[in-house]
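Structural features, examined
Below, each chain spelled out in residue letters.
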Amino acid sequence: MARRPSQLARGIEKQLTVALLALALVYLIFPFFWAVSSSLKSSSEMFATPVVYWPRAPVWSNYTDVFTQRPFARNLLNSLVVAGGATALSLLVGSLAAYALGRFRFGAKRPIYYGILAVSMFPQISILGGMFILIRFLGLYNH
């Protein structure tokens, strides 16, 4: 007959769970905090040593400077168009391929499944070198 965990063991387990969740929350939220605090820093605070985690005097003009000194709105629109187009194209091709793989019987079905599995197993960053070479080959780099 299995023994039930004592009240003390359950309390320790609960505290460890809460501590682990709190650590995970800090790990997930810190990049957003860093982005916001960096956007409010002056140039000297941005590159200061030791690191300044929150600006002493927030520089709110950084937000207006982004839109007045650089074509940020145009760059943002370009990014949205490219991301939206890539997403729409991926959904179209992926859904048609998924339908064909799920509905029809053909000889290359198993190798295609293995190919999809093999590509999915590698992290996306591992193809960055190949993508850079392709972008340079197509003449898209720095243009």
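Below you will find a few notes about this structure. (Residues numbered from 1 in each chain as written. Predicted model: local features only at pLDDT ≥ 70, side-chain atom pairs only at ≥ 80, totals over all residues. Heavy atoms only, no water.)

Some words on unusual backbone geometry
Spelled out, the test is: Put simply, DSSP marks the helices as runs of H or I at least four residues long and the strands as runs of E at least two long, and each gets a number from the N terminus on.
Note the cis peptide between T49 and P50, where omega equals 0 degrees. Within the secondary structure layout, P50 lies in the loop between α2 (43-46) and α3 (61-69).

Quick notes on the side chain of S37
Selection criterion: Polar contact is defined as a pair of N or O atoms within 3.5 Å, subject to the rule that within protein one atom must be able to donate a hydrogen and the other to accept it, and that residues adjacent in sequence are counted only when both atoms are side-chain atoms. Contacts are assigned to residue pairs that have any heavy atoms within 4.5 Å of one another.
Its location among the elements puts S37 in helix α1 (residues 7-39). Looking at S37, its side chain comes within polar contact range of the main-chain oxygen of Y53, at 3.3 Å. Those residues in contact with S37, other than ones at most four positions away along the chain, are Y53, W54 and P55.

Digging into the packing of aromatic side chains
We count it as follows: Pairing of aromatic rings covers Phe, Tyr and Trp, the last counted by its six-membered ring, and requires centre-to-centre distances within 6.5 Å; plane angles under 30 degrees mean stacked, over 60 mean edge-to-face, and any other angle means tilted. Relative accessibility thresholds used throughout: buried, under 20% of the residue-type maximum; exposed, over 50%; partly exposed, between the two (1.4 Å probe, protein chains only). Whether a charge lies above a ring is judged from NZ of Lys or CZ of Arg, which has to be within 6 Å of the ring centre and within 35 degrees of the ring normal.
Overall, the coordinates contain 9 aromatic pairs when judged by the stated rule. Measuring from ring centre to ring centre gives 5.8 Å for F33 and W54, while their planes differ by 20 degrees; the resulting arrangement is stacked. Here F33 is found in helix α1, whereas its partner W54 is found in the loop between α2 and α3, with 21 residues between them in sequence. F33 gets classed as partly exposed once you look at its relative accessible area, which sits at 31%. Classification of W54 as partly exposed rests on a relative accessible area of 43%. One aromatic cluster in this structure is built from F30, F33, W34, Y53 and W54. When the ring centre of W34 is taken as origin, the NZ or CZ atom of K41, which lies over that ring, is 4.1 Å away.

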